[in-house]
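Observations on the three-dimensional arrangement
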Amino acid sequence: MQNRLKIAVQKSGRLYEGSMQLLKECGVEVSNGNNQLRIVSGNFPVEIFFLRDDDIPEYVQDAVADIGFVGQNVVREKNKAVTEVESLGFGKCRLSLAVPKNGTMQSVKDLAGKKIATSYPVILGQYLAENGVTASLHEISGSVEIAPRIGLADAICDLVSSGSTLFTNELREMETILKSEAVMISNNNLTAEKTTILNSLLFRIRAVKKAKNNKYVLLNAPNEKLKEICGLLPGMKSPTVLPLAEPGWSSVHSVISESDFWNVIEQLKNAGAQGILIIPIEKMIL
Ligand code: ATP
Ligand code: ZN
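Procedures and definitions
Residues numbered from 1 in each chain as written. Chains lettered and ligands numbered in written order. Predicted model: local features only at pLDDT ≥ 70, side-chain atom pairs only at ≥ 80, totals over all residues. Heavy atoms only, no water. Donors = N, O, S within 2.8 Å, 3.2 Å for Na, K, Ca; no water. Tetrahedral: all angles 85-135°; square planar, octahedral: opposite > 155°, others 65-115°. Buried < 20%, exposed > 50% of the residue type's maximum accessible area, 1.4 Å probe, protein only. Phe/Tyr/Trp six-rings, centres within 6.5 Å; stacked < 30°, edge-to-face > 60°. Helix = DSSP H or I, 4+ residues; strand = E, 2+ residues; numbered from the N terminus. Pairing = 2+ DSSP bridges. Axes fitted to C-alpha atoms, helices over the stretch in contact; angles between N-to-C directions. Contact = heavy atoms within 4.5 Å. Near = heavy atom within 4 Å. Polar contact = N/O pair within 3.5 Å; in protein donor to acceptor, adjacent residues only side chain to side chain. Areas by Shrake-Rupley, 256 points an atom, 1.4 Å probe, with all protein chains shown as cover. Nonpolar A, V, L, I, M, F, W, Y, C, P; charged D, E, K, R; others polar. Domains from an automatic or database assignment. Salt bridge = Lys/Arg side-chain N within 4 Å of Asp/Glu carboxyl O. Arc of directions from axis to C-beta.

All of the protein donors around the zinc ion (ligand 2) are Asp53 (OD) and Asp54 (OD); their distances to the metal are 1.9 to 2.1 Å. Coordination at the zinc ion (ligand 2) is irregular, judged from the four donor atoms that bind it and the angles of 73 to 175 degrees they form at the metal. According to the relative accessible area criterion, Asp53 is buried, its value standing at 18%.

Structure follows, in structure tokens:
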């Protein structure tokens, strides 16, 4: 039998779509039509196992799966012997302390002697210890946000993304303990053959991530402004400059990063660029 890399993915929930989408963008064919527990890709040496996210670190540690896609929050909480290989760019959230909206608590120090409800006792316990705060932790596995209202706790420590759940429950986010996103974790003792498959998958994942963080830009520039405009567009090596049919004008092509996108566009416009087109990049290999 051909050696395949076993990938653990959340069976259903917030990480499922992002994980399957990433594999698809990496050209790994996986069809999960009828709710199977395990599927084999038809065009890449991997098989996917669908599991509860909480179990993924342990399964990867024990080599039931070779790698897994799971939230950093779960990796930190479970504290298993696995390697965090790469962040995946989806499943972004934060683990925060939240308190009743109208209360007076302002910082972690105010939690001394209080009751805190959470599904993250390990991470929270470490955070409290680092801050020299002693509090009593009440571990619950779901609906943590209702604990203060029903008198079960004075505060909670839970995952937040938009903050709407906190808002609905009349809670206020007080402090962020951990910023999290989905990551790839790997078993610590992969065979050489599996490492080769992993590296080939990683190469694709990095190309997809890079493409998402960058845009292709095309613009027209008067020749006397070319130097200034090219200075704003470092590109992968340097911008491509092609003459337009109209004398005195050029077309400039380059790549710009998503992070300073609006800033650069404004500067380009101010420098005399016209007809600016921004195009998404599908894959990017440097
Ligand atoms: P499972 O049945 O697999 O145990 P779950 O209920 O524990 O599922 P989900 O709510 O689907 O898990 O969340 C999975 C992961 O999605 C979280 O561990 C976290 O990394 C990420 N995530 C992103 N945004 C949020 C959010 N607003 N609330 C909770 N998790 C979030
Ligand atoms: Zn879970």
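Text resumes after the structure shown.
Here we come to the packing of aromatic side chains. This structure, assessed with the given rule, holds two aromatic pairs. A ring pair is formed by Tyr16 and Phe50, whose centres lie 6.1 Å apart and whose planes are at 50 degrees; its orientation type is tilted. Of this pair, Tyr16 sits in helix 1 (residues 16-25) while Phe50 sits in strand 3 (residues 46-51), placing them 34 residues apart in sequence. Just as Tyr16 is buried, Phe50 falls in that class too. Summarising the aromatic geometry, the rings of Phe261 and Trp262 are spaced 4.8 Å apart at their centres and angled 80 degrees between planes, so their arrangement reads as edge-to-face. Under the relative-accessibility criterion, Phe261 is labelled buried at 9%. Residue class for Trp262 comes out exposed when judged on its relative accessible area of 67%.

Our focus in this paragraph is the sheet that holds strand 9 (residues 155-160). The mixed open sheet is built from five strands, whose spatial order is 8-7-9-6-10. Looking at strand neighbours, the two that pair on one side only are strand 8 (136-139) and strand 10 (171-180), the edges of this open sheet. Going from strand to strand, the sheet's axes swing by 25 degrees on average, the running direction of each strand aside. Against the sheet, helix 4 (residues 121-130) engages strand 6 (93-100), strand 7 (115-118), strand 8, strand 9 and strand 10, with an angle of about 100 degrees to strand 10.

So, on to the site of ligand 1. Neighbouring ligand 1 are 15 residues; Arg14, Asp53, Asp54, Asn73 and Ser161 lie closest to it. Within the side chain of Gln10, one N or O atom sits 2.9 Å away from an oxygen atom of ligand 1. Asn73 is positioned such that a nitrogen or oxygen atom in its side chain is 2.7 Å from an oxygen atom of ligand 1. Expressed as a share of its isolated accessible area of 620 Å², the protein-covered part of ligand 1 is 77%. Here the residues of the shell around ligand 1 are counted per class, giving four nonpolar, six polar and five charged. Each of domain 1 (5-89 + 182-211) and domain 2 (93-180) gives at least three residues to the shell around ligand 1.

Our next topic: the pattern of salt bridges. Applying the stated rule across the entire model yields twelve salt bridges. Salt-bridge contacts for Glu258 lead to Lys215; the nearest nitrogen and oxygen are separated by 3.0 Å. Linking Glu258 in the loop between strand 14 (249-257) and helix 8 (261-270) with Lys215 in strand 12 (residues 214-222), this pair joins segments that are 43 residues apart in sequence. Here Lys283 ties to Glu282 by a salt bridge, and the two come within 3.2 Å at their closest N and O atoms. Under the relative-accessibility criterion, Glu282 is labelled exposed at 63%.

It is worth spelling out helix 4 at this point. Among all positions of helix 4, only Ile123, Leu124, Tyr127 and Leu128 are buried. Mapping the buried residues of helix 4 onto a view down its axis gives an arc of 130 degrees, with all of them on the same face. Facing away from the buried side of helix 4, by more than 90 degrees, are the exposed residues Ala129 and Glu130. Looking one or two places after helix 4, you find Gly132, whose phi comes out positive at around 65 degrees.

Structurally, Pro148 can be placed in the loop between strand 8 and strand 9. Taking the relative accessible area as the measure of exposure, Pro148 reaches 16% and is therefore buried. When the C-alpha positions of Pro148 and Lys80 are compared, they lie 31 Å apart, and in sequence the two are 68 residues distant. What Pro148 contacts, discounting residues up to four positions off in sequence, is Pro100, Ala153, Ile156 and Leu171.

Ordered by their spatial adjacency, six strands build an open sheet running 2-3-1-4-11-5, and the pairing between neighbours is mixed. With partners counted over all chains shown, the strands left at the sheet margins are strand 2 (38-40) and strand 5 (83-87), one partner each. Direction aside, neighbouring strands of the sheet carry axes that sit 25 degrees apart on average. Where strand 4 (residues 67-71) and strand 11 (residues 182-186) come together, five bridges link them in antiparallel fashion. Its bridge partner lying in strand 11, Val70 is registered against Val183. Packing against the sheet, helix 1 makes contact with strand 1 (5-10), strand 2, strand 3 and strand 4, and its axis sits at approximately 145 degrees to strand 1. Sheet contacts for helix 6 (residues 192-212): strand 1, strand 3, strand 4, strand 5 and strand 11; angle to strand 5, the most-contacted strand, approximately 30 degrees.

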